[in-house]
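Here's the letter readout for the chains.
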Amino acid sequence: MKFIFVYGGVMSGVGKGIVASSIANILSHHDFNVTCIKIDPYINCDAGTMRPTEHGEVFVTYDGGETDQDIGNYERFMNKDISKLNNITTGQIYKKVIEDERAGKYLGNTVEFIPHIPNEIIRRILNSSRGHDIIVIEIGGTIGDFENIPFLFAAKKMELTYGKENVIHVLVTYLPIPPNLGEMKTKPTQHAIMKLNSYGIEPDFIITRSERELDDARKEKIAKYSNVQFSHIVPSPNLKTIYEVPIKLEEKFMGNMIIDQFKLQKREIKWGKWIDLVKNIKNPQKNVDVAIVGKYIDTGSFTLYDSYISVKEALVHAGAHLNIGVNIHWINSKDIEKNPSVLNELKKMNGIIVPGGFGASGVEGMIMTIKFARENDIPYLGLCYGMQLAMIEFARDVLGWDAHTTEIKQTKYPVIDILPEQKELLKGNKYGGTMRLGEYVAALTRGTMIFNLYKNSHRIENDSKRIDEYRKTAQFRVGITKDDDVLVLEKHRHRYEVNPKFIDDFVKAGVKISGIHRRKDGINLVEFIELPKNKFFVGTQAHPELKSRLEDPSPLFMGFVKACSE
Ligand code: GLN
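The rules behind each value
Residues numbered from 1 in each chain as written. Predicted model: local features only at pLDDT ≥ 70, side-chain atom pairs only at ≥ 80, totals over all residues. Heavy atoms only, no water. Near = heavy atom within 4 Å. Polar contact = N/O pair within 3.5 Å; in protein donor to acceptor, adjacent residues only side chain to side chain. Areas by Shrake-Rupley, 256 points an atom, 1.4 Å probe, with all protein chains shown as cover. Helix = DSSP H or I, 4+ residues; strand = E, 2+ residues; numbered from the N terminus. Nonpolar A, V, L, I, M, F, W, Y, C, P; charged D, E, K, R; others polar. Buried < 20%, exposed > 50% of the residue type's maximum accessible area, 1.4 Å probe, protein only. Pairing = 2+ DSSP bridges. Axes fitted to C-alpha atoms, helices over the stretch in contact; angles between N-to-C directions. Contact = heavy atoms within 4.5 Å. Phe/Tyr/Trp six-rings, centres within 6.5 Å; stacked < 30°, edge-to-face > 60°. Lys NZ or Arg CZ within 6 Å of the ring centre and 35° of its normal.

Novice: Quick question: what am I supposed to make of the site of the ligand here?
Specialist: The environment of the ligand is made up of Gly356, Gly357, Phe358, Cys384, Tyr385, Gln388, Glu407, Arg493, His494, Arg495, Tyr496 and His543. Here an oxygen atom of the ligand and a side-chain polar atom of Gln388 are 3.0 Å apart. One of the side-chain N or O atoms of His543 is found 3.0 Å from a nitrogen atom in the ligand. Starting from 290 Å² of accessible surface for the ligand in isolation, the protein chains cover 99%. Elements with a minimum of two residues in the shell around the ligand: α15 (385-397) and β19 (487-494). Looking at the shell around the ligand residue by residue, the classes come out as 4 nonpolar, 5 polar and 3 charged.

Dropping the structure here:
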């Protein structure tokens, strides 16, 4: 096995995750079996409880992990499922070491920071690496962060254990161009190299992120300072789309340089559809305007879109396949509540999305949005909360009920509610056990629009392999009857469900239930709905955006973007 460690110098947020994903993408296209691991130095055991406006989206893995959004980048760039085990945090490491100590597993030894913490890190890395040729390990934050010390130790130790020919170190730095100088500065990069050297780590490659292309004079300076070959200083300037990064890095021979250093047999790169898809993203035949109306958009005086990064990328993927550019308009649902005339902006839109969310703030603004979409027949896609709120809106407006979700309020018509067994858990404050997390299987209703969208993709075939695996392990998630022949897997992260008590009323009033999850106890959970009266009005309890990749877009997003263009 070959290991590539990716570190960040200078500052975070410069696209280290995209660089790591791009390296993995290139090597996958060179036909190696690659996986990625993200190390997060925080003490949280996972990203599940973290605020999205601070930390970005919580990405859910097929096996029910609540992980860092970079895991989403890896999946999108590699077209591959990544397990929750591939997101390692300081919290997990210490928890395991302390549990082992309490269980007497250290046999009387003193348990110490060195070597026990790095040893546990290495154990986890090796565990996730099994079965792969090359493993890309991205270390979160920057090398100067205190919390990163044990991970840097672990990286050095792996180099000593497995040899230089099996471990590559990549430093991603940032080259600022201060506006008052107008000149690209290399000094912060020099400091970052020095810092990495102080842990005994010498970078093999330095990827320089910058607004403009790095020139040879500065490249020379960095090479000299770091003792890294000139050709191993690889510029990665800002591009129109992140999906072009692997192409540009490969133009600078990134793949072959790594393959050479690892002394691996060269294999010709096969890009498949990647290059054409990137061309479509850069120069689409036409454009559509889509509003995303969410509640996690504001953070202090800044606006942040990372909370919905998978939704944004899923639109890009569908657009790339349809050769349609999607201009996203971010609208804060709390602004609609304060000033309903903001709804007028929606008139100009070709489509509207209400994404996932938790809690009361901004909810009425989202419900107003959904009513607007339904009444004006603007293509609508409701994702998780976006579907639950669509049901509430329909119940209020069409059925005339005083309806709500019990997440926010008890009413006479709790159309979105929690299951009885979850109520019991909540009484004991056991919130963790009450979420539906990871992949669940849905049986689709033949003849519905959603059925057709999935049927015309290769998703049903793809998912069938894993459904068979699930069947073998007899997971409770798979409730299937003999007659359910069309099954798909989508990822979930939610606690509340469409209340089974009201389903018949919804159906009578014109809501089509296009897919359900059958539980073994006989309860059917609503997974997909559509309003056949509208051109495209679709909701899902799942998060289909979390399974969308550039090379394998989400069928629902394909249907949505197509509807927007019509
Ligand atoms: N708050 C809702 C629930 O818990 C929806 C969650 C979501 O959109 N991810 O069921």
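There's more to say after this.
Novice: Just checking my understanding: could you explain helix α20 (residues 555-565) for this structure?
Specialist: Each α-helix winds once per 3.6 residues, and so residues spaced three or four apart point in a common direction. Burial analysis of α20 places 8 of its 11 residues in the buried class, which makes it a mostly covered element. Within α20, the full set of buried residues consists of Pro555, Leu556, Phe557, Gly559, Phe560, Val561, Ala563 and Cys564.

Novice: Any chance you could explain the sheet that holds strand β8 (residues 205-210) here in plain terms?
Specialist: Spatially, β5-β2-β6-β1-β7-β8-β9 is the arrangement adopted by the 7 strands of the open sheet, whose pairing is parallel. Edge positions in the open sheet fall to β5 (87-89) and β9 (233-237), since each of these has one partner strand only. Averaged over neighbouring strand pairs, the angle between their axes works out to 20 degrees when direction is ignored. On the sheet, helix α1 (residues 16-29) packs against β1 (2-8), β2 (34-40), β6 (134-139), β7 (167-174) and β8 and is oriented at approximately 175 degrees with respect to β6. Packing of helix α8 (residues 216-226) onto the sheet brings it into contact with β8 and β9, and relative to β9 it is tilted by some 135 degrees.

Novice: Honestly, the pairing of β7 in this entry has me stumped. Any pointers?
Specialist: Regular strands place side chains that alternate from one sheet face to the opposite one. Most of β7 is tucked away: 8 of the 8 residues are buried. Where β1 meets β7, 6 bridges bridge the pair, whose relative direction is parallel. Within the sheet, the bridge partner assigned to Ile4 lies in β7 and is Ile168. As defined by bridge partners, β7 adjoins β8 across 5 bridges and the pair is classed as parallel.

Novice: Just checking my understanding: could you explain the packing of aromatic side chains for this structure?
Specialist: By convention here, two paired aromatic rings are described through the distance between centres and the angle between planes. Per the counting criterion, the structure on display carries 15 aromatic pairs. Look at Phe3 and Tyr162: their rings are 5.7 Å apart centre to centre, the planes differ by 40 degrees, and that puts the pair in the tilted class. Residue Phe3 is located in strand β1, and its partner Tyr162 is located in helix α6 (residues 149-162); the two are separated by 159 residues in the primary sequence. Members of the aromatic cluster, connected to one another through ring pairs, are Phe394, Trp401, Tyr413, Phe502 and Phe506. Against the face of Tyr62 rests Arg466, its NZ or CZ located 4.2 Å from the ring centre.

Treat this as a map of the structure, not an account of what it does.
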